[in-house]
Amino acid sequence: MLRAMPEGHTIHRLAAEHQWMFGGLAVAATSPQGRFAEGARRLDGRVLSAADAHGKHLLLGFDDDRTLHVHLGIYGKYALGEGPAPAPVGMVRLRLEGGGRYADLRGPNTCELLEPGGVKLLRDRLGPDPLRGDADPEAAWRRISRTRTPIAVLLMDQSVVAGPGNIYRAEVLFRQGVDPRLPGRRLGARRWAALWDDLVELMAAGVRAGRIDTVRAEHMPEAMGRAPRVDGHGGEVYVYRRAGLPCLVCGTAVATVELAGRNLFWCPVCQPPAVS
């Protein structure tokens with residue numbers, strides 16, 4: 001089974017859910033698996049003061065100025081629930097309980113406590129997040145505009161733009177008609193602004209819906225008389241994982257190639273190569 005790292009909209013939803021479940025409450029923290037026992041001991045009884053996210057990083061702040069930093073990676077996942085927490089099943093790295101609710105974390109890439117100042121160090125190495133009100137897209141553009149690296153690679157570099165993954169990068173490039181192999185420095189400021197604005201819109205919609213939908217109304221199944229798409233991420237898309245299938249706009253077979261270790265999907269007609 002193909003697995004994909006959760007994209008930024010999922011982490012922002014998790015932050016909002018933690019805030020709703022535990023905000024302002026003293027939480028009980030345990031590590032049934034034992035791998036985070038010392039960290040859980042330090043969190044136990046502390047009040048969750050703020051839940052935040054930057055890109056694919058979940059940041060839970062507590063009243064002792066420490067921050068729980070979670071990066072799910074490919075295999076990490078949360079189970080959230082109400083009522084008495086059940087007996088731990090599987091390798092639960094961290095369990096938080098409070099207010100009649102619980103959150104179980106399994107298999108994260110990172111689960112650590114950051115001391116004061118640690119969050120700034122983390123954010124300093126990340127690019128702007130389209131879902132954050134304090135994001136500065138010009139910071140990303142300064143890096144993009146100086147490099148020959150393909151724009152598709154840059155959009156997956158979390159130090160350039162924090163949050164998008166393989167789905168959002170493929171879809172936003174299609175929607176904006178950008179060849180994913182185009183060198184960053186040939187993109188142009190206007191096209192970058194359009195890409196950024198579209199990412200903001202698409203990812204915000206993903207937070208609201210809890211799934212990734214990138215297809216415009218005129219290309220939805222009911223408008224085109226086609227069967228709905230069935231895939232793990234649950235949304236309607238133009239090119240992601242549609243290699244060899246007809247483009248929903250022009251009918252050309254969707255192309256795919258491996259680029260920087262990840263599968264890239266695009267329409268050769270709707271995203272034509274730039275002419276030198």
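In this text, all values refer to a predicted model and were calculated from it rather than measured experimentally.

Conventions used here
- Residues numbered from 1 in each chain as written.
- Predicted model: local features only at pLDDT ≥ 70, side-chain atom pairs only at ≥ 80, totals over all residues.
- Heavy atoms only, no water.
- Pairing = 2+ DSSP bridges.
- Helix = DSSP H or I, 4+ residues; strand = E, 2+ residues; numbered from the N terminus.
- Axes fitted to C-alpha atoms, helices over the stretch in contact; angles between N-to-C directions.
- Contact = heavy atoms within 4.5 Å.
- UniProt positions renumbered as here; feature names shortened; annotations may be inferred.
- Phe/Tyr/Trp six-rings, centres within 6.5 Å; stacked < 30°, edge-to-face > 60°.
- Buried < 20%, exposed > 50% of the residue type's maximum accessible area, 1.4 Å probe, protein only.
- Lys NZ or Arg CZ within 6 Å of the ring centre and 35° of its normal.

*Asks:* What is the right way to read the sheet that holds strand β4 (residues 67–71) from this model?
*Replies:* Strands pair in a sheet through their backbones, by hydrogen bonds, and they do so in one of two ways: parallel or antiparallel. The 4 strands are arranged β2-β3-β4-β8 in an open sheet whose pairing can be described as antiparallel. The open sheet has two edge strands, β2 (48–54) and β8 (110–114), and neither has a second partner. Between one strand axis and the next, the sheet turns through 15° on average, direction left out of account. Bridge count for β4 against β8 is 5 bridges, and the pairing is antiparallel. The partner of L68 across the bridge, within β8, is L113. Seen against the sheet, helix α1 (residues 8–22) touches β2 and β3 (57–62) and runs at an angle of roughly 170° to β2.

*Asks:* Even after reading the chapter, I still don't get the UniProt feature "domain: FPG-type" (unreviewed entry) in the protein chain, so can you show me in this structure?
*Replies:* The feature "domain: FPG-type" (unreviewed entry), as given by UniProt, occupies residues 238–272 in the numbering adopted here. The span residues 238–272 is 0% helical and 29% strand by assignment, and the distance between its end C-alpha atoms comes to 16 Å.

*Asks:* What's the story with the packing of aromatic side chains in this structure? I'm lost.
*Replies:* The geometry of an aromatic ring pair is captured by two quantities: the separation of the ring centres and the angle between the planes. A full pass over the atoms with the stated rule returns 3 aromatic pairs. Relative to Y238, the ring of F174 lies with its centre 4.6 Å away and its plane at 25°, an arrangement referred to as stacked. Taken together, the residues span a long stretch of sequence, with F174 in helix α6 (residues 166–175) and Y238 in the loop between α8 (221–224) and β9 (255–259) at a distance of 64 residues. For the pair F174 and Y238, a shared accessibility class is recorded, and that class is buried. Taking the centre distance of 5.6 Å and the plane angle of 75° together, the rings of Y240 and F265 count as edge-to-face. In this pair, Y240 sits in the loop between α8 and β9 while F265 sits in strand β10 (residues 262–266), placing the two residues 25 residues apart along the sequence. Relative accessible area serves as the criterion here: at 4%, Y240 is assigned to the buried category. With relative accessibility at 8%, the residue F265 sits in the buried group. Across the ring face of Y102, the terminal group of R95 is positioned such that the distance to the ring centre comes to 5.6 Å. The ring of W20 carries R101 above its face, with NZ or CZ at 4.2 Å from the centroid.

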